[in-house]
Amino acid sequence: MKRQIFVILAAAILSLLLFTAPALADSQYTVQQGDTLFSIARRFNSTVQAIAAANNIVNPNLIYPGQVLTIPDGAPGTPPPTTPPPPTGSSTYIVRPGDTLGLIALRFGVTIQALAAANNISNINIIYVGQVLTIPGTVGPTPPPTTPPPTTPPPPSGNTISYVVQPGDTLGKLAIRYGTTIQAIMAANGLSNPNLIYVGQVLQIPVGSGGTPPPVVSGSFELGGQTHGFGHINEMKYAGMRWIKFQHKWSPGDDPAGLASRINDAHANGLKVLISVTGAALFPTPGSIDFASYITFVGGLAALGPDAIEVWNEQNLDREWPTGEINPTSYVNNMLKPSYNAIKQANNTVMVISGAPAPTGFDNGTNAWADNRYVQGMAAAGAASYMDCIGVHYNAGATAPAATTGHPGGSHYSWYFGATLNLYYNAFGGARKVCFTELGYLSGEGFAGLPGAFGWASGTTVTQQAQWLAQATSLSANSGRVRMLIVFNVDFTEYDINGDPQAGYAIIRPDGTCPACDSLRQVTGGG
């Protein structure tokens, strides 16, 4: 299917960006990832208005990869530059995704001007993937690209934030994202060439004059509950819940408009709404996640006005992420980062929550990563720059939240509330608060036993469930580390004695009572 992307047309800034362009056709052009009408018009010596008119495009900011555009007559275009034979004392390099002439010059220790001259390039902003460039003044096999060692920028002055450059970044893109100017970023970091930044470089982004970054959507602690509908809104409000969470099992082709009524109904009932968007397929096959389609979906969802979006769910397990592809860097670069950007472009008041890993000690690198190793990998990949809150699950407790020993399952941190909270919060150095997008205590009371894999909860009573939820809420509210706690769950009725006992976590018990509603109200003061 066609996968729409939202692109921002900002000619004044994009004129400084370095574009990657594919090969040209005579009268038609297939849109590539990263294209804008402005970049296409400039490449074909046309105008945005002419191309938009020729293709009945109402919004020039909305094109998508794979779209075939008609290039109007009179726009002859410029074919990709051809590479002359390498001169003596030179080598060659094949342009890769994300490359710019500036980055290539930096890798090989030459100047942009020398590169342009050696390759008959008249516009240093136009190169394309697969183009073979002559690197002047080098002999022998082309060395692999290397990243220059990070340098320490000048000490920040005024109102600034630190940012670690990621693959594909340019000063123009950063200026757009943070509402500032290229010139302001250059001045704050002592840069003389706007085309020369590198992955891993730490930049100071000035936000005191020239704009502010997308706000980190945070605030004071709030309580919520996960449910399938609106059947127990009164009980939720009585318990002091301010949030309602729904999970959407996404598939490519889904229309975010299908969730509009849930968002509107939640707001009409005086509740904020969190939508957790995860995959519909269990045990997805390798290569099956359509990242571009997912990113388009969450961007469209953000435009509908939810208060928070969680980006996937338990992506450290092959139940939710393809076997052999589980990797926190892949999650951050292919899903979290572009989803964050799409969401913030659509509505920067939406809280972006990273997908909560499954709490587990099992780790074979293929079917699962232990969540402690996974979150450390997320932090190393720069996830803190692309989320407002750290998604966490805690649903295997069988002791009071303040306990540090005594769990029937043993001493692993995931059995204990405090250890789990500290692990996730500290993994990001306190840069972001924690959002418990699932926190629940399982009690088999009122059911015909528990599944064998959940035997650790066999001693937990409904009274304890109520007490421990209240205690966890109190500890979270007073910790200064937790933004949100979503009780898992309010009123699920599914109970599989041989599988997943979801109804055993529900605070609305089989007899219709809700002891936890009373205990939570004592902590929150109610709604």
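Residues numbered from 1 in each chain as written. Predicted model: local features only at pLDDT ≥ 70, side-chain atom pairs only at ≥ 80, totals over all residues. Heavy atoms only, no water.

Colleague: I'm lost on the pairing of strand S12 (residues 243-250) in this one. Help?
Modeller: Consecutive side chains along a regular strand alternate between the two faces of the sheet. Across the eight residues of S12, six count as buried, placing the element largely inside the fold. Two elements, strand S11 (residues 222-226) and S12, share three bridges in a ladder whose sense is parallel. Directly across from Gly225, in S12, lies its bridge partner Ile244. As defined by bridge partners, S12 adjoins strand S13 (residues 272-279) across eight bridges and the pair is classed as parallel. (Buried < 20%, exposed > 50% of the residue type's maximum accessible area, 1.4 Å probe, protein only. Helix = DSSP H or I, 4+ residues; strand = E, 2+ residues; numbered from the N terminus. Pairing = 2+ DSSP bridges.)

Colleague: When you look at the nonpolar core in this model, what are you seeing that I'm missing?
Modeller: Across soluble globular proteins, nonpolar side chains show a tendency to be buried alongside one another. Counting residues in hydrophobic clusters, the biggest one holds 82 residues, and the most contacted among them are Leu171, Met241, Val277, Tyr331, Phe436 and Leu439. Beyond its immediate stretch of four places on either side in the chain, Met241 contacts Leu223, Gly224, Gly225, Met236, Leu271, Val487, Val490, Ile507 and Leu520. (Core = buried A, V, L, I, M, F, W, Y, C linked by side-chain atoms within 4.5 Å. Contact = heavy atoms within 4.5 Å.)

Colleague: Please clarify how the side chain of Gln465 should be interpreted in this entry.
Modeller: Tracing the sequence through the fold places Gln465 in helix H14 (residues 462-479). With relative accessibility at 1%, the residue Gln465 sits in the buried group.

Colleague: Explanation requested: the packing of H14 against helix H15 (residues 515-524) in the structure shown.
Modeller: Geometry of a packed helix pair, given as the angle between the helix axes and the separation of the axes. At a minimum axis distance of 8 Å, the contact between H14 and H15 shows a crossing angle of 25 degrees. Judged by the angle between their axes, H14 and H15 are roughly parallel. In this structure, the crossing between H14 and H15 has a hand that is right-handed. Two secondary-structure elements touch here, H14 through Val462, Ala466, Gln467, Leu469, Ala470, Thr473 and Ser474 and H15 through Pro515, Ala516, Ser519, Leu520, Val523 and Thr524. (Axes fitted to C-alpha atoms, helices over the stretch in contact; angles between N-to-C directions. Parallel < 35°, antiparallel > 145°, perpendicular 65-115°, else oblique. Left-handed = near helix turned anticlockwise from the far one by under 90°.)

Colleague: Is there a simple way to explain helix H12 (residues 371-380) in this structure?
Modeller: One turn of the α-helix equals 3.6 residues, which is why residues spaced by three or four share an orientation. Listed as buried for H12 are Asp371, Tyr374, Val375, Gly377 and Met378. Take H12 and look down its axis: the buried residues cluster within an arc of 155 degrees, on one side only. Its buried side turned inward, H12 meets helix H11 (328-346), strand S15 (351-354) and helix H13 (417-427). (Arc of directions from axis to C-beta.)

Colleague: Looking at this structure, how should I read the state of the cysteines?
Modeller: Where two cysteines share a covalent bond between their sulfur atoms, that bond is called a disulfide. The final tally for this structure, using the stated rule, is two disulfides. Note that Cys389 is cross-linked by a disulfide to Cys435, the S-S spacing being 2.1 Å. Because the torsion about its S-S bond is 105 degrees, the bridge between Cys389 and Cys435 counts as right-handed. Taken as a pair, Cys389 in strand S16 (residues 389-394) and Cys435 in strand S17 (residues 433-439) lie far apart in primary sequence, 46 residues in all. For the residue pair Cys389 and Cys435, the accessibility class agrees, reading buried in each case. In the protein, the cysteines engaged in disulfides, taken in order along the sequence, are linked 1-2, 3-4. (Disulfide = S-S within 2.5 Å.)

Colleague: Explanation requested: unusual backbone geometry in the structure shown.
Modeller: Negative phi is the rule for most residues except glycine; trans is the rule for most peptide bonds. A cis geometry characterises the amide bond from Phe488 onward to Asn489, with omega recorded as 0 degrees. Looking at the secondary structure, you find Asn489 in the loop between strand S18 (482-487) and H15. Within the chain, Phe283 stands out as a residue other than glycine whose phi angle is a positive 50 degrees. Tracing the backbone shows Phe283 in the loop between S13 and helix H10 (291-302). On the basis of relative accessibility, which here comes to 52%, the residue Phe283 falls in the exposed class. With phi around 50 degrees, Glu314 is a residue other than glycine that occupies positive phi space. As for its position among the elements, Glu314 is in the loop between strand S14 (308-311) and H11.

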